[in-house]
Amino acid sequence: LRARCVRFFFFFPRFFLLSLEMLFAPSASMALKSTKYRAPDTAAPQTVSAKLPVDLSPTGFCTAGVGAACLVVGLTANARRIGRDSRRTRTHQVVTTRAAAPRIGSVPEEALAKPYALVVIGGGPAGVNAAMTAALLGQRVLIVDNPKVQPTSAGLDISFGGPTGLWSKALRDTAKRLDTKTLTSMGLDKQTIWQQVRSNCIKLATQNAAYQVERCNEYRVNYLQAIADVSEPGKVTVELPDGTKQDVTADNLLLATGSAPMRLGSVPFDDVRIFDSDTINGLDFLPENVVVAGSGIIACEYAEIFRTLGCNVTMIVRSDANSALRRIGLDRDVAQALIDRLSSDGVTMFQGCEVTEFDVPPYEDRTTPVRLKLSHKSGSGPESLECDVFLAAMGRRPNVKLFERLGCELVKKGGAVKVDGNFQTTVPHVYAVGDSVGAPSLASTGEYQAHVAVERIFQGHKDGNEKLQFPVGVWTIPEISYYGLTLEKAQEEGIECEEGSASYSSCLRGRVFAPEGLLKLVFRIEDGAIIGIHVWGTDACELVHLGMHLVENKTSIFELMGSIFTAVTYHELFKAAAFDGNSKLEFGMQWRSLFEQIPTDWSQAGEAEDPEEYKAMFEEIDQDRSGELDADELHLCFQKMGKPMSKSTVANLVRLSDVDGSGTIDWEEFRRIFRAMKSVKGTRLQTA
């Protein structure tokens, strides 16, 4: 509108003068143009009065009329455009006002007054997935979550839908991308660097939360930010942010209340210098010295993260680190590789050590270090340590307060909620998933449990418990992942098994980009079926999913050896590990290929396991009575049986059977052939 007005007032005088020129004589135009001029011999301009003659002829009046008409038409069109634009602006303003979105995490009172098919308490991955699954099944569902951090002005809780380890994953990603040493050398102070680190982490968390809210809106899941309380099944009392309370009714309740860090009474937590694995998210400065107490997944992750950020890190482990890591499922070689990597990265580790005394400075004192007194049960080390931050990562415990109010039974060991195979508690129509039901306490397993529980609620219960195997990822630098059994665990279960390993340098991509790493396959000796996959190295948490597929489909290492993978990828490590596993077998793939060509009579003799029959066969083949069988004698034997074999196949049989390298097969080596047949009984060579 402003632009229209400017153009109008700028061009109006020009239209007016044009009309005058058309009305008056042509000399008028010249007179107007020369009203001011500079005389050749004077410095200042002089004004000359001019008398404008008027053209009163019919032609003059017609010309003036045409000019005036053009002026009127132009002004009218301009006014119409201004009015049209003004109406468009007003219409747009009205539409914008109507489309104003409600505050995130709010639900109208009239909506809450209507009964729900399912109310979910807890806004973590398990709770959100439960709500999504119920919505996909056509159910009316409400998810109630108490914000973990102060929501934004729009109501967004940046922790909504995120796992317990969301902050550590974001911090790890930021630490890998920001080179704090370089930034410090450029003159940036640590507080500025830390604010940038926190800003990046908050950005990642915000993106995740916004996506989860978008999913809820898309599937019409009511999301309410409130404190939930339950005293009886089917009824939830919610306390809204303004302090008002309202009762919500539901046919079923699903509680995904998560877990909380274990806080030992001997540790003086203040969440300023002494933190647990949750409150460390509120750290507001970049420390120089960090002490991490613990040996589990969370402790190892934070030790690597702070070291990558340039901090001096010390780990305090009460027991042996390798055995502690094996207890949580890590393979012994992978566990040792992690410990060695921590050491090579400059992390100091005291094993068999505990903190017996803390000397923490006052809240406002950020310069005086925290002093720790140490006790060494095994090994040696200093009697005291100084640090800026102490992180106690000593495990987590389920949040079961609401379950106790409902009268749900708890498991004695660990205090988790007792559930059946449908994830229903001992109270009908009350379900529990995620960390509240205990190990494995992973975001992925919590989501799976939520999916199963909701399906059972609305599609019918099933008898029995499902044995769930699950992939585990440890977000150290580099990563660790595993699925299935370790060699030791499989042997404890009575499985005769072996393992094949491949270092990352075994494939071209590993040699070029990340030579440090290990992939291991655990497989049954009987048929080569893979029963476990363990990876330490770059992209380990991605590679584990192919291993998961191999285990679930009972794929053998022999099939894997014949598979094809895209060149220059880490997936080639699977094939390399399969070849390594085959080399450890007494009767590997080469025997299986050979036995497909062995006559049926020999195969039946192998199944019979009759030494006397073997001896008779040996003596019959040994034509020269030398006590040794050569390739010619074996070839003749197969011809007499009516099952001729090529000389190259017979030569290969002698090569594989000849343990002592004599070039012939003696009695013991001959018996070994039938043991090999027995070993590979029922298996056939398969190629992918």
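Just above, that's the structure.
Residues numbered from 1 in each chain as written. Predicted model: local features only at pLDDT ≥ 70, side-chain atom pairs only at ≥ 80, totals over all residues. Heavy atoms only, no water.

Colleague: What am I meant to see in the overall build of the protein here?
Modeller: Looking only at helices and strands, one finds 24 helices and 24 strands in the protein. Burial analysis of the protein (688 residues in total) assigns 43% to the buried set. Long-range contacts, defined here as pairs at least 24 residues apart, represent 64% of the contacts in the protein between residues at least 6 apart. Here the protein has roughly 35500 Å² of accessible surface; of this, 53% comes from carbon and sulfur atoms. (Helix = DSSP H or I, 4+ residues; strand = E, 2+ residues; numbered from the N terminus. Buried < 20%, exposed > 50% of the residue type's maximum accessible area, 1.4 Å probe, protein only. Contact = heavy atoms within 4.5 Å. Areas by Shrake-Rupley, 256 points an atom, 1.4 Å probe, with all protein chains shown as cover.)

Colleague: Any chance you could explain the pattern of salt bridges here in plain terms?
Modeller: Side-chain pairing between opposite charges can occur once the charged atoms of the two side chains come close. Taken as a whole and assessed by the stated rule, the structure comprises 22 salt bridges. The shortest N-O distance in the salt bridge between Arg396 and Asp278 comes to 3.1 Å. Taken together, the residues Arg396 in strand β18 (residues 396-398) and Asp278 in the loop between β10 (274-276) and β11 (289-293) connect sequence positions 118 residues apart. Since its relative accessible area comes to 27%, Asp278 is described here as partly exposed. (Salt bridge = Lys/Arg side-chain N within 4 Å of Asp/Glu carboxyl O.)

Colleague: Can you help me understand the side chain of Thr486 in this one?
Modeller: With respect to the helices and strands, Thr486 occurs in the loop between β21 (479-484) and α14 (487-492). Apart from the residues within four sequence positions on either side, Thr486 is in contact with Gly329, Leu330, Asp331, Val522 and His534.

Colleague: Looking at this model, I keep getting lost on empty space enclosed by the protein. Mind explaining?
Modeller: Over the atoms a probe the size of a water molecule is rolled, and this reveals where empty space is left. Under the counting rule described, the total for this entry stands at one cavity of 30 Å³ or more. Reported here for the largest cavity is a volume of approximately 40 Å³. Around the largest cavity, the lining residues are Ser295, Cys300, Ala321, Leu325, Leu338, Ile339, Leu342 and Met349. Taken together, the elements giving at least two residues each to the lining of the largest cavity come down to α10 (321-327) and α11 (332-344). (1 Å grid on protein atoms, 1.4 Å probe; cavity = no way out; pocket = protein on both sides within 12 Å on 5 of 7 lines; lining within 4 Å. Points joined across faces, edges and corners; volume = space filled by probe spheres on them.)

Colleague: Would you mind going over the packing of aromatic side chains with me for this structure?
Modeller: Given two aromatic rings, their pairing is described by the distance between the two centres and the angle made by the two planes. By the definition in use, this model includes four aromatic pairs. Between Phe160 and Tyr223, the aromatic rings sit 4.0 Å apart at their centres with planes inclined by 20 degrees, giving stacked as the arrangement. Remark: Tyr223 occurs in strand β5 (residues 222-225) and Phe160 occurs in the loop between β4 (141-145) and α6 (166-177); sequence separation between them is 63 residues. Overall, the relative accessible area of 0% leaves Phe160 in the buried class. Ring plane angle 85 degrees and centroid distance 5.1 Å describe the contact between Phe358 and Phe390, whose orientation is recorded as edge-to-face. Residue Phe358 is found in strand β14 (residues 353-359), and its partner Phe390 is found in strand β17 (residues 389-392); the two are separated by 32 residues along the sequence. For Phe358, a relative accessible area of 18% corresponds to the buried category. Taking NZ or CZ as reference, Arg263 lies 4.3 Å from the ring centre of Phe269, over its face. Against the face of Tyr363 rests Arg366, its NZ or CZ located 5.9 Å from the ring centre. (Phe/Tyr/Trp six-rings, centres within 6.5 Å; stacked < 30°, edge-to-face > 60°. Lys NZ or Arg CZ within 6 Å of the ring centre and 35° of its normal.)

Colleague: How should the sheet that holds β11 be read in this particular structure?
Modeller: The strands making up a sheet associate through hydrogen bonds between their backbones, and the pairing can be parallel or antiparallel. Reading across the sheet, the five strands line up as β10-β17-β11-β12-β13 and stay open at both edges, with parallel pairing between neighbours. Looking at strand neighbours, the two that pair on one side only are β10 and β13 (348-351), the edges of this open sheet. Ignoring strand direction, the axes of neighbouring strands in this sheet form an average angle of 20 degrees. Judged from the four bridges that link them, β11 and β17 form a sheet pairing that is parallel. Following the sheet pairing, Val291 is matched in β17 by Phe390. Here helix α9 (residues 297-308) sits on the sheet and contacts β11, β12 (312-317) and β17; the angle it forms with β12, its principal contact strand, is near 165 degrees. (Pairing = 2+ DSSP bridges. Axes fitted to C-alpha atoms, helices over the stretch in contact; angles between N-to-C directions.)

Colleague: When you look at the nonpolar core in this model, what are you seeing that I'm missing?
Modeller: Note that soluble globular proteins tend to have their nonpolar side chains buried in a common cluster. One finds Leu171, Phe306, Leu309 and Leu330 to be the most contacted residues of the largest nonpolar core, which totals 45 residues. In contact with Leu171, other than residues within four places in its own chain, are Trp194, Val197, Cys201, Tyr302, Ile305 and Leu309. If you look at the next biggest cluster of nonpolar residues, it comprises 29 residues, including Val144, Val236, Leu253 and Leu402. (Core = buried A, V, L, I, M, F, W, Y, C linked by side-chain atoms within 4.5 Å.)

Colleague: Help me understand the environment of Gly446 in this model?
Modeller: With respect to the helices, strands and loops of the structure, Gly446 is situated in helix α13 (residues 443-459). Separated by ten residues in the primary sequence, Gly446 and Ser436 place their C-alpha atoms 9.4 Å from one another.

Colleague: I would appreciate a short explanation of a nonpolar patch on the surface in the present structure.
Modeller: A cluster of nonpolar side chains, contributed by Leu508, Val512, Phe513 and Val568, occupies part of the molecular surface with about 370 Å² of accessible area. Structurally, Val512 can be placed in helix α15 (residues 508-513). (Patch = residues over 30% accessible without salt bridge, like charges linked within 9 Å, V, L, I, M, F, W, Y side chains within 5 Å.)

Colleague: What's the story with the sheet that holds β14 in this structure? I'm lost.
Modeller: Here three strands make up an open sheet; going across it, the order is β14-β15-β16 and the pairing antiparallel. What marks the edges here is a single partner per strand, and that holds for β14 and β16 (384-387). Each adjacent strand pair in this sheet contributes to an overall mean axis angle of 30 degrees, direction not counted. Two elements, strand β15 (residues 370-376) and β16, share four bridges in a ladder whose sense is antiparallel. Within β16, the residue paired with Arg371 across the bridge is Glu386.

Colleague: What should I look at first to understand unusual backbone geometry in this one?
Modeller: Note: most peptide bonds trans; most residues except glycine with negative phi. The omega torsion of the bond from Ala439 to Pro440 falls at 10 degrees, within 30 degrees of zero and hence cis. Relative to the assigned elements, Pro440 resides in the loop between β19 (430-432) and α13. The amide bond that connects Ile477 to the next residue, Pro478, takes the cis arrangement and shows omega of 0 degrees. Residue placement: Pro478 occurs in the loop between β20 (472-474) and β21. The phi angle at Arg220 is positive, at roughly 55 degrees, despite the residue not being glycine.

Colleague: What exactly am I supposed to notice about the packing of α6 against helix α8 (residues 190-218) here?
Modeller: Helix-helix packing is described using two parameters, namely the angle between the two axes and the distance between the axes. Following both chains from N to C, one finds α6 and α8 inclined at 130 degrees, their axes separated by 9 Å at the closest point. Here α6 is positioned oblique relative to α8, judged by the angle of their axes. Both α6 and α8 take part in a crossing whose hand is right-handed. The segment α6 lies against α8, with Leu166, Trp167, Ala170, Leu171, Asp173, Thr174 and Arg177 engaging Trp194, Val197, Arg198, Asn200, Cys201, Ile202, Leu204, Ala205 and Asn208. (Parallel < 35°, antiparallel > 145°, perpendicular 65-115°, else oblique. Left-handed = near helix turned anticlockwise from the far one by under 90°.)

Colleague: Mind showing me how you'd approach the pairing of β17 here?
Modeller: Along any regular strand, the residues point their side chains to alternate faces of the sheet. Every second residue of β17 is oriented toward a common face, with Val389 and Leu391 on one face and Phe390 and Ala392 on the other, all of them buried. In this sheet, β17 lies alongside β10 in parallel orientation, the contact comprising three bridges. Residue pairing for β17: Phe275 is matched across the bridge by Leu391.

Colleague: Even after reading the chapter, I still don't get the packing of α9 against α11, so can you show me in this structure?
Modeller: Packing of α9 against α11 leaves a shortest axis separation of 11 Å and a crossing angle of 30 degrees. It follows that α9 is roughly parallel to α11 by the angle criterion. The two elements α9 and α11 cross, and the hand of that crossing is left-handed. When α9 is examined against α11, the residues Cys300, Ala303 and Glu304 are found in contact with a partner set consisting of Leu338, Arg341 and Leu342. Broken down by class, the residue content of the contact of α9 with α11 amounts to four nonpolar, no polar and two charged. (Nonpolar A, V, L, I, M, F, W, Y, C, P; charged D, E, K, R; others polar.)

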